[in-house]
Amino acid sequence: MIQEAKKEDLEAVYSLICELEQEKINPKHFQEVYNQGLESPHVEFYVYYHEEKVIGFISLYIHQYLHHHGNTGEIVELVVTPEYRGLRVGDRLLCHVEKIAKEKGLVELELSTSTYRKKAHRFYEAHGYLKNHYNYTKNI
C-alpha cells in the first residue's frame, strides 16, 4: 500500500536511502532534509507499506526551469528493500508518482541514476524514460 510519508517513517526511509547509496548517510542532515521535504509544497515523499513495514520509497521534487515549457518533476530517490525487488513494488511507486505528476499538471518527469546501476537503467527504459541527457557532478 502506498502512502504519503510521515515523520514516523523517518528511520525506515533512512535505512532505505542508506541501502540505495550503499553507505551511511549523515543522519542529522538526512533528518533535516527529510523534515523540510515533508513540509515543502514542492516535494512529495511516498512510502510503500507491506505488513506494516516500509519496503519502498520514492521522492518527487517539483522544479520550475526557464528552459522548460512548464513545471518539471524530478524523481530523486526510488528504492525498494532488496528482498522485495522483482515484486513490482518499484513499478507501483513509479506509476503512483506519474499519476501525481499528471494531477499536478507537470509537463515532464526527469531522473538520474548512477552509471553502474544497469538494472535501474533497464527498469526506467521499460517504463518509457529516455536516456537523452548527461548528468555531471563535482565534489566541492
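What you see is a predicted model; the values in this text were computed from it and never measured.

Turning our eyes to something else, we now look at the confidence of the model for the chain. Detailed conclusions should not be drawn from predicted coordinates in areas where pLDDT is low. For the chain, mean pLDDT is 93; residues scoring 70 or higher make up 100% of the total. Least confident of the elements in the chain is helix 4 (residues 118–126), whose mean pLDDT is 87; most confident is helix 2 (residues 27–39), at 98.

As a further point, take helix 1 (residues 10–21). Spanning 12 residues, helix 1 covers 16 Å between terminal C-alpha atoms, matching the ideal 16 Å at 1.5 Å per step. Taken residue by residue, helix 1 has Leu10, Val13, Tyr14, Leu16, Ile17, Cys18 and Leu20 as its buried positions. Downstream of helix 1 by a residue or two, glutamine 22 has a phi angle that is positive, lying close to 55°.

Within this structure, the stated rule accounts for seven salt bridges. Across the pair arginine 85 and glutamate 19 runs a salt bridge, and its minimum N-O distance is 3.9 Å. Taken together, the positions of arginine 85 in the loop between strand 4 (72–80) and helix 3 (89–103) and glutamate 19 in helix 1 put the pair 66 residues apart, joining distant regions of the chain. Using a relative accessible area of 44% as the deciding quantity, one classes arginine 85 as partly exposed. Between glutamate 83 and lysine 53 there is a salt bridge, and its shortest N-O distance comes to 3.8 Å. Taken together, the positions of glutamate 83 in the loop between strand 4 and helix 3 and lysine 53 in strand 3 (residues 53–63) put the pair 30 residues apart, joining distant regions of the chain. Take lysine 53: its relative accessible area is 40%, and that puts it in the partly exposed class.

With that settled, the discussion passes to the pairing of strand 5 (residues 108–111). Sheet analysis places strand 4 next to strand 5, joined by four bridges and oriented parallel. Along strand 5, the bridge assignment pairs glutamate 74 with glutamate 110. Since strand 4 and strand 5 lie parallel, the crossover through helix 3 that links them has a hand, and here it is right-handed.

Adjacent strands of a sheet pair through backbone hydrogen bonds, lying either parallel or antiparallel. Taken together, five strands build an open sheet; the order of strands is 1-2-3-4-5 and the sheet is mixed. Every other strand in the sheet has two partners, leaving strand 1 (2–4) and strand 5 as the edge strands with one partner each. Strand-to-strand twist across the sheet, computed as the mean angle between neighbouring axes with direction ignored, equals 30°. Where strand 3 and strand 4 come together, seven bridges link them in antiparallel fashion.

So, about the side chain of threonine 81. Topologically, threonine 81 is positioned in the loop between strand 4 and helix 3. Residues contacting threonine 81, with those up to four places away along its chain left out, are Leu16, Val54 and Ile55.

Turning our eyes to something else, we now look at the nonpolar core. Ile58 and Ile75 are the most contacted members of the largest nonpolar core, which totals 21 residues. Of all the elements in the fold, those that place two or more residues in this core are strand 2 (43–50), strand 3, strand 4, helix 3 and helix 4. Of the residues forming this core, the biggest block, six residues, is contributed by helix 3. Here isoleucine 75 is in contact with Ile58, Ser59, Leu94, Val97, Leu109, Glu110, Leu111, Ser112 and Tyr129, once residues within four sequence places are set aside.

Conventions adopted
- Residues numbered from 1 in each chain as written.
- Predicted model: local features only at pLDDT ≥ 70, side-chain atom pairs only at ≥ 80, totals over all residues.
- Heavy atoms only, no water.
- pLDDT = per-residue confidence, 0-100.
- Helix = DSSP H or I, 4+ residues; strand = E, 2+ residues; numbered from the N terminus.
- Expected span 1.5 Å × (residues − 1).
- Buried < 20%, exposed > 50% of the residue type's maximum accessible area, 1.4 Å probe, protein only.
- Salt bridge = Lys/Arg side-chain N within 4 Å of Asp/Glu carboxyl O.
- Pairing = 2+ DSSP bridges.
- Right-handed = clockwise from strand over helix to strand, strands pointing away.
- Axes fitted to C-alpha atoms, helices over the stretch in contact; angles between N-to-C directions.
- Contact = heavy atoms within 4.5 Å.
- Core = buried A, V, L, I, M, F, W, Y, C linked by side-chain atoms within 4.5 Å.

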